[in-house]
Amino acid sequence: MDLKTLCVHGSQKRYDTTGAISVPIFQSATFAHPGVGQSTGYDYSRQQNPTREHLEITIAALEGGVDALAFPTGMAALTAMMELFSPGDHIIVSDDLYGGSFRLFFNLSVKNGLKFSLVNTSDTAAVEAAFTPETKAVFIETPTNPMMQVTDIAAVAKIAGDRNILTVVDNTFLTPCLQRPLALGADIVLHSGTKYLGGHNDTLAGFLVLKSAEISERMRFIYKTTGACLSPFDSWLLIRGIKTLAIRVERQEENAKEIVEWLVNHPCVKTVYYPGLKTHPQYEISRRQASGFGAMISFEAKSAAVAVSLLERVKVFRYAESLGGTESLITYPMLQTHADVPEEEREAKGINDRLLRISAGIEGADDLVRDLAQAFGD
Ligand SMILES: *Cc1c(COP(=O)(O)O)cnc(C)c1O
């Protein structure tokens, strides 16, 4: 089925007989048993709830997984996933990462005996060189946040899979509409559902999508045991958000392209980081493995003063963390998403006091460009 249709209709499972077009919100913590030793399929909402199940089936279908689990945030999803590993296990992670993932790995997971190597995963040979006998997973963000580096998912999944090592891809930036990591060989897809999937800057959510029944069984056990499950109401908001995912992503990417075109020619802009630019080092890989370049743009302003004044002067764009929603946002990664990444590491990656990140929304492109122009003082 076309992804646009899956977004709207998702799960075909029906939970009531009224013909309701919108899936009901089953606001129930528990479910009565029809008889001793019998179940309706629902026992207690930590394990499963019909509204959440509808959402999970939809997400699994969009990503092409056998199962999907819905969490209250992206970080809760990642935290639960770390329970797959044991003390001594080694994990290779992209060296340009969402700040929260970095914080989890290097502040909490290390305390539980896990070891991490930061590797530029867009260099497949560097990934291969980092394997140790203890390596259990490669965690990739692509494109990365905020430097927009792209990793060849199929190449990494191949060398990892040959050694029985899991490949995990954070697909938050591109969504299944533009990139489907499981089809490229990955084992697990992570999402911050707060971003494009929810899509309206109003709800927090997270997902893990699993390729095999074996990982699904292990994750379902962790899920019901650790208990970070998405509420019925927030599940419903996500179902509603996903109905328009395909058209939102399409429009957001169109807007992003107009903004990029304008930014690259602006005298106050030093560098634009966007995988859709022919000058991007992984432009060809992006074209091959994704059906679009997305709506996230980072750029380096001429000076810190220019960057700060831009943040203070935008009117249509809002200066706020997060991304992927209907509203265009602009962020200052150094002070916001990446505040907890050590300064030396940040600077080496180019996350400096001149770097800004844009998430293009669905507004009129002309208004967005005009807003940037007035903020630059053109
Ligand atoms: C936001 C984000 C996360 C974390 O998700 P939350 O829903 O905020 O917990 C993880 N990865 C990426 C790429 C993100 O943008």
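Residues numbered from 1 in each chain as written. Predicted model: local features only at pLDDT ≥ 70, side-chain atom pairs only at ≥ 80, totals over all residues. Heavy atoms only, no water.

### Quick look at helix H12 (residues 304-313)
- Looking at H12, one finds that the buried residues are Val306, Ala307, Leu310 and Leu311. On an axial view of H12, the arc spanned by its buried residues comes to 135°, and they lie on one face. Structural note: H12 exposes Ala305 and Glu312 on the side pointing more than 90 degrees away from its buried face.
- Elements in contact with the buried residues of H12: strand S9 (296-301), strand S10 (318-319), strand S11 (329-331), strand S12 (355-359) and helix H14 (365-376). (Buried < 20%, exposed > 50% of the residue type's maximum accessible area, 1.4 Å probe, protein only. Helix = DSSP H or I, 4+ residues; strand = E, 2+ residues; numbered from the N terminus. Arc of directions from axis to C-beta. Contact = heavy atoms within 4.5 Å.)

### As for the packing of helix H10 (residues 245-264) against H14
- Running from amino to carboxyl end, H10 crosses H14 at an angle of 35°, the nearest separation of the two axes being 9 Å. Both H10 and H14 take part in a crossing whose hand is right-handed. Where H10 abuts H14, its residues Asn255, Glu258, Ile259, Trp262 and Leu263 lie against Ala365, Leu368, Val369, Leu372, Ala373 and Phe376. (Axes fitted to C-alpha atoms, helices over the stretch in contact; angles between N-to-C directions. Left-handed = near helix turned anticlockwise from the far one by under 90°.)

### Some thoughts on the site of the ligand
- Residues in close proximity to the ligand include Thr73, Gly74, Met75, Tyr98, Asp170, Thr172, Ser192, Thr194, Lys195, Ala205 and Leu323, which together make up its full environment.
- The side chain of Asp170 places a nitrogen or oxygen atom 2.7 Å from a nitrogen atom of the ligand.
- Lys195 is positioned with one of its side-chain polar atoms (N or O) 2.7 Å from an oxygen atom of the ligand.
- Considering the ligand on its own, with 380 Å² of exposed area, one finds that the protein chains cover 93% of that surface. (Near = heavy atom within 4 Å. Polar contact = N/O pair within 3.5 Å; in protein donor to acceptor, adjacent residues only side chain to side chain. Areas by Shrake-Rupley, 256 points an atom, 1.4 Å probe, with all protein chains shown as cover.)

### Focus: the packing of aromatic side chains
- The final tally for this structure, using the stated rule, is 12 aromatic pairs.
- Centroid distance Phe233 to Trp236: 6.1 Å. Interplanar angle 15°. Geometry classified as stacked. Of this pair, Phe233 and Trp236 both sit in helix H9 (residues 232-243), three residues apart, roughly one helical turn.
- For Phe233, a relative accessible area of 41% corresponds to the partly exposed category.
- Taken together, a centroid distance of 5.9 Å and an interplanar angle of 35° make the contact between Trp262 and Phe376 tilted. (Phe/Tyr/Trp six-rings, centres within 6.5 Å; stacked < 30°, edge-to-face > 60°.)

### What to know about the domain arrangement of the chain
- Once the domains are mapped, the chain shows domain 1 (3-242) and domain 2 (247-376).
- Placing the centre of domain 1 and that of domain 2 at their C-alpha centroids yields a distance of 26 Å.
- Of the roughly 3,100 Å² buried between domain 1 and domain 2 on both sides combined, carbon and sulfur atoms contribute 56%.
- Of all residues in domain 1, Met147, Leu178 and Tyr196 give up the largest surface area on contact with domain 2, accounting jointly for 24% of the area buried on that side.
- The interface formed by domain 1 and domain 2 holds two salt bridges in total.
- Counting the contacts that link domain 1 with domain 2 gives 17 residue pairs in polar contact (both at pLDDT 80 or more).
- Mapped onto the side of domain 1 that touches domain 2, the elements with two or more residues apiece are helix H4 (99-108), helix H6 (153-161), helix H7 (175-178) and H9.
- Broken down by element, the residue count for the side of domain 1 that touches domain 2 peaks at four residues, all from H4. (Domains from an automatic or database assignment. Buried area = accessible area lost by both parts, 1.4 Å probe. Salt bridge = Lys/Arg side-chain N within 4 Å of Asp/Glu carboxyl O.)

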